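Chain by chain, the residues run as shown.
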Amino acid sequence: MAWISGFGCTSAAGRSKEDFWQGLIAGQDHSRPLNFENWPAQVTVPVPASMKAYLQPRLSEESQKENLLLNLLHSWQQLENSLKSTDQLTLRNGKLGVILASTKGFIDDVIWKASVPPALDTISPLLTEFLKQAELRALRTTCVSNACASSLSALCLAEKWIDLGLVDNVLILAADAVGPFVVQGFSSLRVLTAEKTKSFSKDRSGFYLGEATAAVLVTKERIAEDGLWVRSVAMDAEGYAVTRPSQSGDSLRRAIEQVLPANKSMNLDLIVAHGTATVVNDSVEDQVFSQLFYQQGFKPLITGTKWSVGHTLAASGALDLIAGCEMLKTQKVFSIANTTDVDPSFQCSYLTADRALPQTPTLKNFLVTSLGFGGLHAAAWVEKIS
Amino acid sequence: MIQMKLFRQAFEYPAKAEPKWASTVERWYQLDAAAFGLVEVFSQLKSELERPPTFLILASPGSSSETDFQFVQSGAASPSKFVHTLPSVRAAPLLQVMKWQGPVLCVQNDPVTWLSGIADGLSYLTDSNALVWVLTVHSKACGSANNAVSLAELSNDTVKKKFSTPNMETFLIETTIPEENSPTTQLTNDTDFWNWLENERKLSFDSKAHGFRICRHT
């Protein structure tokens, strides 16, 4: 039994969860030109000019490590400030676990200058530094690197630590940055779009990258009035291919099936889909949602966040989780504002730009899905308990 | 009491000949050292393993730094190198050769990645049927004497098994650490843990920071 008791984030929308949320409901696409001049001088391979228009810039001029650390601390501060003072004390003095979810977000400061491979991973020292600067004492820490499913995989581990009584509370941190390493890499894979991120659109052509940090507090006891209960979270891997899920979507389906209520009463209100706007991924998500819900007579609303803040890689699941929680708290939904024409082969119904949003949606729950390289997938079901 | 069967095996990379499992993994020759090593060692080991795991942890000391370095050194334009800069990607060829699908958690926590991977593996021994694998690639680039893979098979079964493979040993793990004390060695990093496994014969290992004690099954 675990509760989401607080969260904070920074993203291209700004340095607060409110900026992120207001951008989503206002339909704001926060992409803007990159400033390559501030990137490591060692980068010699030019980034294709067609990408410059829609990629996210760094949020500040500091080095990548300092930038992400500052923003992680800022996300944590938002979270801590949202807690009552008694809960802040309980958190700081209690049995705390901390998990950092990331992919390559911290690597650029190190890798371009290296003459030999770094001996230690680049993520763990950031977690150590975060704990020091936040003055937090953790009984248990680790870093999860399940690619773009890292945040939800961290939530799986957090729930396990709490269930076993190893800790009472887990702070999930998530961070990834846009730097030359990932831009070059994803460019080589031809998944970066020169257009906009149009999840589930008939003319989707990939995503632009985004930079974000997030802090999500998961607790054994319900301490927030919002009552956001993690009903279930699960992960599954299929190893079908390195960069894409199987056409059948078997692994994603298994991950989702594990989080469905035991009695199969799938009265699901909303899905925050991964929605990378790549041809294969969106198609697989649609197929799985259709089989599990639409063909069974359930028609949850489906939306996503990548059109607004880009694909924030390991942090994307945490941002989607935060967006879902905000929807439950405010009883407002947002559309996929860059998408007007859904792929005609798709079976599900999406909240597109031209679709009227329900004014009184009465949302009680939502599902988040994440798909990661290596065929690692995850899903979480969150409910609002009155 | 929990049993840990530990297998360690060195591997050569790059391969000098086509591996036996080559037909199972598309473009096997593009695998990085870690991905290759996991598949190669699993293939050598599989006859010793009784059944597939219920949960799999990939604990990656050094993350993918060797491949990260090669990606940059080669001009940062190779998609096949880039994909292996994500530690999770090494799960894909392994699962193909294992013919297995299920939950996989990729962790890194240097300098205690291996230790904390085992600690998290213990968390997933939720019932009597649970069998957790903690797979770790020890890379020369990250200080290991040679490229090697360790497979820690965690189970609630305490009946000692006999193995035909010389590099396999059995350990017992206590997850509740008593206050009183038989001789122990407290270790704080993966390298010391490795040395302890190699050299010590009598002492038990105590990792209070990660919540378990381990000793040789005699």
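Residues numbered from 1 in each chain as written. Chains lettered and ligands numbered in written order. Predicted model: local features only at pLDDT ≥ 70, side-chain atom pairs only at ≥ 80, totals over all residues. Heavy atoms only, no water.

A.B. asks: Give me the lowdown on the layout of surface pockets, citing residues and values where you can.
C.D. replies: In this structure, the largest pocket spans a volume of roughly 910 Å³. Surrounding the largest pocket, 40 residues form its lining, Ala241, Val242, Thr243 and Arg244 of chain A together with Val83 of chain B being those nearest its centre. Among the residues making up the lining of the largest pocket, the classes are represented as 19 nonpolar, 17 polar and four charged. (1 Å grid on protein atoms, 1.4 Å probe; cavity = no way out; pocket = protein on both sides within 12 Å on 5 of 7 lines; lining within 4 Å. Points joined across faces, edges and corners; volume = space filled by probe spheres on them. Nonpolar A, V, L, I, M, F, W, Y, C, P; charged D, E, K, R; others polar.)

A.B. asks: Help me get a handle on empty space enclosed by the protein, residues and values and all.
C.D. replies: All names here are of chain B. Considering all chains together, one arrives at five cavities of 30 Å³ or more under this definition. Within this model, the largest cavity holds a volume of roughly 130 Å³. Taken together, 15 residues line the largest cavity, and the ones lying closest to its centre are Ala34, Ser63, Glu66, Arg90 and Ser139. Those elements that place two or more of their residues in the lining of the largest cavity are α1 (33-45) and α2 (65-73). Examining the composition of the lining of the largest cavity, we find that three residues originate from one element, α2, more than from any other. Of the residues that constitute the lining of the largest cavity, the class distribution is five nonpolar, seven polar and three charged. (Helix = DSSP H or I, 4+ residues; strand = E, 2+ residues; numbered from the N terminus.)

A.B. asks: I'd like a rundown of helix α7 (residues 180-188) of chain A, residues and numbers included.
C.D. replies: In terms of residue burial, α7 of chain A counts as a mostly covered element, since nine of its nine residues are buried. Three or more residues of α7 of chain A are buried, namely Pro180, Phe181, Val182, Val183, Gln184, Gly185, Phe186, Ser187 and Ser188 of chain A. Summarising the contacts, the buried residues of α7 of chain A are in contact with α4 (108-111) of chain A together with α2 and α3 (79-83) of chain B. Phi turns positive one or two residues past the end of α7 of chain A, at Arg190 of chain A, with a value near 60 degrees. (Buried < 20%, exposed > 50% of the residue type's maximum accessible area, 1.4 Å probe, protein only. Contact = heavy atoms within 4.5 Å.)

A.B. asks: Describe the interface of chain B and chain A, with residues and values.
C.D. replies: Each side of the interface is counted separately: chain B has 49 residues, and chain A has 52 residues. Taken over both partners, the interface formed by chain B and chain A buries close to 3900 Å², and the fraction arising from carbon and sulfur atoms is 62%. It is Phe69, Phe82 and Gln108 of chain B that lose the most area in chain B upon contact with chain A, and together they represent 16% of the buried surface on that side. Connecting chain B to chain A are two salt bridges. Applying the counting criterion to the chain B and chain A interface returns 21 residue pairs in polar contact (both at pLDDT 80 or more). Of all the secondary structure elements, the ones that give two or more residues to the side of chain B that touches chain A are α2, α3, α4 (91-98), β3 (104-108) and α5 (113-123) of chain B. If you tally residues by element for the side of chain B that touches chain A, the top one is α2 of chain B, at seven residues. (Buried area = accessible area lost by both parts, 1.4 Å probe. Salt bridge = Lys/Arg side-chain N within 4 Å of Asp/Glu carboxyl O. Polar contact = N/O pair within 3.5 Å; in protein donor to acceptor, adjacent residues only side chain to side chain.)

A.B. asks: Describe the state of the cysteines, with residues and values.
C.D. replies: Each disulfide is one covalent bond, formed between the sulfur atoms of two cysteines. Following the criterion strictly, the structure yields zero disulfides over all chains and no others. Not engaged in a disulfide, the cysteine Cys148 of chain A finds its nearest cysteine sulfur in Cys106 of chain B; these two sulfurs lie 12 Å apart. Given a relative accessible area of 9%, Cys148 of chain A falls into the buried group. (Disulfide = S-S within 2.5 Å.)

A.B. asks: Go over unusual backbone geometry, please, and point to the residues and values.
C.D. replies: Between Tyr13 of chain B and Pro14 of chain B the backbone carries a cis peptide bond, its omega angle lying at 0 degrees. For Pro14 of chain B, the location among the structural elements is in the loop between β1 (2-10) and α1. Geometrically, the link from Asp110 of chain B to Pro111 of chain B is a cis peptide bond, its omega value of 10 degrees lying close to zero. The topology assignment puts Pro111 of chain B in the loop between β3 and α5. Although it is not a glycine, Arg190 of chain A sits at a positive phi angle of roughly 60 degrees. With respect to the helices and strands, the residue Arg190 of chain A is situated in the loop between α7 and β5 (212-219). The backbone phi angle of Ala76 of chain B is positive, close to 50 degrees, even though this residue is not glycine. Checked against the element boundaries, Ala76 of chain B lands in the loop between α2 and α3.

A.B. asks: Requested: an account of the pattern of salt bridges, with residues and values cited.
C.D. replies: Considering all chains together, one arrives at 14 salt bridges over all chains under this definition. Here Arg92 of chain A and Glu80 of chain A are joined by a salt bridge, their closest N and O atoms 2.7 Å apart. One end of the pair, Arg92 of chain A, is in helix α3 (residues 85-93); the other, Glu80 of chain A, is in helix α2 (residues 64-81), and 12 residues separate them in sequence. Overall, Arg92 of chain A belongs to the partly exposed group, its relative accessible area being 22%. Of the charged contacts, one joins Asp120 of chain B and Arg140 of chain A as a salt bridge, the two residues approaching to 3.2 Å between their closest N and O atoms. Residue Asp120 of chain B is located in helix α5, and its partner Arg140 of chain A is located in strand β3 (residues 140-144); the two belong to separate chains.

A.B. asks: Help me get a handle on the packing of aromatic side chains, residues and values and all.
C.D. replies: Inspection of every chain in the model, using the stated rule, returns 20 aromatic pairs over all chains. Seen from their ring centres, Phe186 of chain A and Phe207 of chain A are 5.8 Å apart, and the 70 degrees between their planes marks the pair as edge-to-face. Taken together, the residues Phe186 of chain A in helix α7 and Phe207 of chain A in the loop between α7 and β5 connect sequence positions 21 residues apart. Exposure remark for Phe186 of chain A: the relative accessible area of 5% places this residue in the buried category. Ring geometry for Trp21 of chain B and Trp28 of chain B: centres 6.3 Å apart, planes at 80 degrees, overall edge-to-face. Residue Trp21 of chain B shares its accessibility class with Trp28 of chain B, and that shared class is buried. A connected cluster of aromatic rings, assembled from ring pairs, spans Phe181, Phe186, Phe207 and Phe373 of chain A together with Phe71 and Phe82 of chain B. We note Arg8 of chain B situated over the ring of Trp194 of chain B; from NZ or CZ to the ring centre the distance is 5.2 Å. (Phe/Tyr/Trp six-rings, centres within 6.5 Å; stacked < 30°, edge-to-face > 60°. Lys NZ or Arg CZ within 6 Å of the ring centre and 35° of its normal.)

A.B. asks: I'd like to hear about the confidence of the model for chain B, residue by residue, with values.
C.D. replies: All names here are of chain B. Confidence along chain B averages 87 in pLDDT terms, with 90% of residues attaining 70 or more. Summarising per-element confidence for chain B, the mean pLDDT is lowest in strand β8 (residues 204-207) (73) and highest in strand β2 (residues 55-59) (98). Predicted as a complex, the structure gets a pTM of 0.95 and an ipTM equal to 0.94. (pLDDT = per-residue confidence, 0-100.)

A.B. asks: Hey, could you go over the nonpolar core for me, with residue numbers and the actual values?
C.D. replies: In terms of nonpolar packing, the biggest core is built from 112 residues, with Ile256 of chain A together with Phe193 of chain B touching the most fellow members. If we skip the residues at most four places from it in the chain, Ile256 of chain A touches Val288, Phe289, Leu292, Phe293, Leu367, Thr369 and Ala379 of chain A. Within the second largest apolar cluster, 35 residues are counted, among which are Phe7, Trp28, Leu131 and Val137 of chain B. (Core = buried A, V, L, I, M, F, W, Y, C linked by side-chain atoms within 4.5 Å.)

A.B. asks: Give a description of the environment of Gly75 of chain B that names residues and reports values.
C.D. replies: Tracing the sequence through the fold places Gly75 of chain B in the loop between α2 and α3. Along the primary structure Gly75 of chain B and His138 of chain B are separated by 63 residues, whereas in three dimensions their C-alpha atoms are 26 Å apart.

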